Amino acid sequence: MKQHIKIPPESMLGKGKFLFDILKETCEEYLFAYDAKANITMLSPKLVQEFDLPGDILPDIIKSWSQLIHPDDVANYVTSTREILEHKTDEYKLEYRIKNRQHEYVWMHCHGKVICDSSGERALFVGTLSRLVRRSRADIVTGLLNKYQFEIDVKAALDNFRSTGEGGSLVIFGVDNFKIINETYNRFFGDLVLNRIGRKIENILPAGVKLYKLDGDEFAIIYSKAINVDVVDLFQSLQRYTNSQHELDKRKYLCTISAGTVFFPKDGKNYLSLHKHAEVALELAKQSGKNKLCFFSKETYNRWVKSISLRDELKVSVENGCKEFELFFQPQVDAVDRTLKGAEALLRWHNSRGKMVAPMNFIPLLEETKLIIPVGKWVFEEAVKVCKEWQELVPDITMSINVSYEQLKDVTFKEFVQDCMARYNIAAKSITLELTESCIVSDWEFVNREFDFFRKQGVNIAMDDFGTGYSSLSYLKNLSTDIVKIDREFVKKILQNDFDKMLIEYTVKLCHSVGMTVCIEGVEEKEEYQLLLDQCKADTIQGYLFGRPAPKADFVRKFIIDQENLKVKVI
Ligand code: C2E
Ligand code: MG
Ligand code: MG
């Protein structure tokens, strides 16, 4: 709301107004004149506009102005202003970050001086504010120090090492799946999220460690004297915040963080190599599943170089019609009578030297390059073909197929699935699509819409790796799935840990009460199975105890022709 305030007749501002009005038309800088006694300030219109102030004559400016100043700079501003008000000085020069009408922090230089009246009394405090464009050290989204300042400060830290021998570490943080937040909502909301994350990281940093905002969704710190454990501690504290779901402006989002770390001088002698190596470590942290901290080393560097050539090799494989890909199949058995119920199709890839690569080493690369879209279609078609073939022998056998979020977003996927099922004349109820919990990122409405489409056709939907993601219970509540697959993480500890056992037991009960079925993954030991059978009452089980993933021919021999294989092992 605009304010219209009159200058009191006794104020010196009235006398200066004529000059102020002339200057404000010609002067590039923003002008202000402050009468401390009356506590009112006259401001040039450009200043009012840039900072969306309620008028050009305002009461109590110190209060409203300090609300716009970056939290890290408020203390300096207040101290300098107090020195003027308490007559300790007649002049001040100060640089600070302040939020403009676009909600961006800009660096300003403020130069003010006390003017006395004819009797020598302090009457006004007048001055100019100018934008520090070229020397700006602030990131405009978060107000944090920017990448230029990071470079300057890293160079200073290296100089300091040369003179004192004191090293340290650089850590670059990257927000996982940030582009999904931007895509799901919008860039403005994305900026708010970055601001929020920036504040959180700042809050947990040890005293004296500054946070910088680099390009995109990356932040960085220079952590002097730090060793491995210090960085690990810091990262764990950060995870305590990021591993849960957040809400901002009534919108829900998830944002874990990955981090890459280098130590100086060990991992690089200059800024460029240190920065590059920290980025390499960050990329590897993301490639190995995100929400991870990775330390740079020769070995990580070689892995990164390999991942670049791996990406090219994968591309060639896809262009060659996916010939180097193969599906393995793992049996899923009835939890009680251990008869064969279905199989999960698990992707394998043979690299150019014929070596088989495990999914965790290439699926993140397929997702990142979106090659998962054509490869996923190949997987779907192969799996449907195999399922149809097996139904000649086991009429009710089902096939579970993993699907990535990237595939779900692909507009051609739904039609492809329908068309493929029609071509092979397979009943939709024979097919289960598994979507990993950590992939179901933020947009539940979208995921539910896609799920509903498939469920209407009769296809089953499974929530994979349940319990490893961020907020499993909210997933259960908000997503419409038919099957929940409880991750091996829980099964691993049920023999030693009552809590995990009860967690499985109650999750199964909860799922059953709302009509979902439960598959328990990763059962390796007879004792684990026995306990699950006695207490947890799941519907199906998938685990090494009943069979490891195997090539098609082996699966047929071991689990279809000789189904007794699935039973004798237990009793
Ligand atoms: P997932 O979908 O949860 O598949 C189960 C994984 O657990 C498989 O690993 C399987 O070998 C492993 N597993 C099963 N039983 C046991 C057990 O008793 N003990 C242990 N330690 N592990 C067990 P795999 O084949 O390495 O696949 C890893 C992940 O790669 C899959 O996890 C899935 O998320 C992804 N993946 C595999 N194939 C595809 C695919 O075609 N498309 C997509 N998007 N992802 C896939
Ligand atoms: Mg799966
Ligand atoms: Mg799983």
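All values derive from a computational prediction rather than experimental measurement.

### Details of the overall build of the chain
Along its length, the chain carries 21 helices and 23 strands. A compact globule built from 571 residues would reach a C-alpha radius of gyration of about 25 Å, whereas the chain, at 31 Å, exceeds it by more than 25%. Projected onto its principal axes, the C-alpha coordinates of the chain cover approximately 110 × 55 × 50 Å. Restricting the contact set of the chain to residue pairs at least 6 apart, pairs at least 24 apart contribute 63%. Accessible area of the chain: about 27,600 Å², with a carbon and sulfur share of 53%. In the chain, the 78 positive side-chain charges and the 83 negative ones have mean positions that sit 2 Å from each other.

### Overview of the coordination of the magnesium ion (ligand 2)
For the magnesium ion (ligand 2), the full set of protein donor atoms is E344 (OE), N402 (OD1), E434 (OE) and D464 (OD), and the range of their distances to it is 1.9 to 2.3 Å. Between the magnesium ion (ligand 2) and the magnesium ion (ligand 3), a separation of 4.1 Å is found, and both are coordinated by D464. You can see N402 sitting in strand β17 (residues 398-403) and its partner D464 sitting in strand β19 (residues 460-466), a full 62 residues away along the chain.

### Considering the coordination of the magnesium ion (ligand 3)
Of the protein atoms, only D464 (OD), D465 (OD), E521 (OE) and E521 (OE) coordinate the magnesium ion (ligand 3), at distances of 2.1 to 2.3 Å. Each donor residue of the magnesium ion (ligand 3) belongs to the same chain, with the gaps between them written as D-D-x55-E.

### Quick notes on the packing of aromatic side chains
By the definition in use, this model includes 24 aromatic pairs. Both rings, one in F51 and one in W65, keep their centres 5.2 Å apart while their planes meet at 75°; by these two values the pair is edge-to-face. On the criterion of sequence distance, the pair formed by F51 in the loop between α2 (45-50) and β3 (57-59) and W65 in helix α3 (residues 61-68) is long-range, its members being 14 residues apart. The pair F51 / W65 is uniform in exposure class, with both members buried. Both rings, one in F453 and one in F454, keep their centres 5.4 Å apart while their planes meet at 85°; by these two values the pair is edge-to-face. Judged by its relative accessible area of 24%, F453 is partly exposed. Members of the aromatic cluster, each reached through a chain of ring pairs, are F325, W349, F362 and W378. The side chain of R251 reaches across the aromatic face of F189, ending 5.1 Å from its centre.

### Considerations on the nonpolar core
With 86 residues, the main nonpolar core has F325, F380, W390, M399, I431 and I504 as its most contacted residues. Looking at which element gives the most residues to this core, the answer is helix α12 (residues 372-391), with eleven residues. Among residues more than four places away in sequence, those in contact with I431 are F380, V384, M399, I401, M421, I426, V459 and N460. Counting 29 residues, the second-largest nonpolar core is a separate cluster that includes L144, F173, F189 and Y253.

### Regarding the domain arrangement of the chain
By the assigned domains, the chain splits into domain 1 (12-131), domain 2 (145-296) and domain 3 (307-560). For domain 1 versus domain 2, the distance between C-alpha centres works out to 36 Å.

### Notes on the packing of helix α5 (residues 147-164) against helix α9 (residues 271-287)
Contact pair α5 / α9: the axes reach a minimum separation of 10 Å and the direction vectors enclose 115°. Compared by their axis directions, α5 and α9 come out roughly perpendicular. Crossing handedness for the pair α5 and α9: right-handed. Across from F150, E151, V154, K155 and L158 in α5, the residues of α9 making contact are Y271, L274 and H275. Per-class residue counts for the contact of α5 with α9 are five nonpolar, one polar and two charged.

### Description of the site of ligand 1
Of all residues adjacent to ligand 1, which total 22 residues, the nearest are E344, R348, D464, E524 and Y544. Within the side chain of E521, one N or O atom sits 3.1 Å away from an oxygen atom of ligand 1. Contact between ligand 1 and Y544: an oxygen atom at 2.8 Å from a main-chain N or O atom of the residue. Burial of ligand 1 by the surrounding chains reaches 81%, relative to a free accessible area of 800 Å². The dominant element in the shell around ligand 1, judged by the number of residues it contributes, is strand β15 (residues 340-350), at four residues. Looking at the shell around ligand 1 residue by residue, the classes come out as nine nonpolar, five polar and eight charged.

### Remarks on the UniProt feature "domain: GGDEF" (unreviewed entry) in the chain
In the numbering adopted here, UniProt assigns the feature "domain: GGDEF" (unreviewed entry) to residues 166-298. Secondary structure content for residues 166-298 is 44% helix and 26% strand, while the C-alpha to C-alpha distance between its ends is 23 Å.

### Description of the pattern of salt bridges
Per the counting criterion, the structure on display carries 36 salt bridges. Salt-bridge contacts for R423 lead to E381; the nearest nitrogen and oxygen are separated by 2.7 Å. Here R423, found in helix α14 (residues 413-423), pairs with E381, found in helix α12; they are 42 residues apart in sequence, far enough to count as distant. By relative accessible area, which is 44% here, R423 ends up partly exposed. Its relative accessible area of 19% is what places E381 among the buried residues. Among the ionic pairs, E450 bridges to K414, the shortest N-O distance being 3.3 Å. Placement of the pair is E450 in helix α15 (residues 444-457) and K414 in helix α14, with a sequence separation of 36 residues. Among the residues examined, K414 registers a relative accessible area of 25% and is labelled partly exposed. When salt bridges with common partners are traced through the structure, they connect K179, K370, E406 and K409 into a single cluster.

### Things to note about the environment of V508
Mapped onto the elements of the fold, V508 is located in helix α18 (residues 498-513). We classify V508 as buried; its relative accessible area is 1%. For the pair formed by V508 and I520, sequence separation is twelve residues and the distance between their alpha carbons is 9.5 Å. In this structure, V508 is in contact with I486, V518, C536, K537 and A538, ignoring residues within four places of it in sequence.

### Considerations on the sheet that holds strand β7 (residues 168-175)
Spatially, β8-β9-β7-β12-β13 is the arrangement adopted by the five strands of the open sheet, whose pairing is mixed. Of all the strands in the sheet, the pair left with one neighbour each is β8 (211-213) and β13 (293-295). Adjacent strand axes in the sheet meet at a mean angle of 20°, parallel and antiparallel pairs treated alike. By the bridge criterion, eight bridges tie β7 to strand β12 (residues 257-264) in an arrangement that is antiparallel. Each residue of the ladder has a partner; that of I172, found in β12, is G260.

Thresholds, definitions, all that
Residues numbered from 1 in each chain as written. Chains lettered and ligands numbered in written order. Predicted model: local features only at pLDDT ≥ 70, side-chain atom pairs only at ≥ 80, totals over all residues. Heavy atoms only, no water. Helix = DSSP H or I, 4+ residues; strand = E, 2+ residues; numbered from the N terminus. Rg over C-alpha atoms; globule rule 2.2 N^0.38 Å. Contact = heavy atoms within 4.5 Å. Areas by Shrake-Rupley, 256 points an atom, 1.4 Å probe, with all protein chains shown as cover. Lys, Arg positive; Asp, Glu negative; His and termini not counted. Charge placed at Lys NZ, Arg CZ, Asp CG, Glu CD. Donors = N, O, S within 2.8 Å, 3.2 Å for Na, K, Ca; no water. Phe/Tyr/Trp six-rings, centres within 6.5 Å; stacked < 30°, edge-to-face > 60°. Buried < 20%, exposed > 50% of the residue type's maximum accessible area, 1.4 Å probe, protein only. Lys NZ or Arg CZ within 6 Å of the ring centre and 35° of its normal. Core = buried A, V, L, I, M, F, W, Y, C linked by side-chain atoms within 4.5 Å. Domains from an automatic or database assignment. Axes fitted to C-alpha atoms, helices over the stretch in contact; angles between N-to-C directions. Parallel < 35°, antiparallel > 145°, perpendicular 65-115°, else oblique. Left-handed = near helix turned anticlockwise from the far one by under 90°. Nonpolar A, V, L, I, M, F, W, Y, C, P; charged D, E, K, R; others polar. Near = heavy atom within 4 Å. Polar contact = N/O pair within 3.5 Å; in protein donor to acceptor, adjacent residues only side chain to side chain. UniProt positions renumbered as here; feature names shortened; annotations may be inferred. Salt bridge = Lys/Arg side-chain N within 4 Å of Asp/Glu carboxyl O. Pairing = 2+ DSSP bridges.

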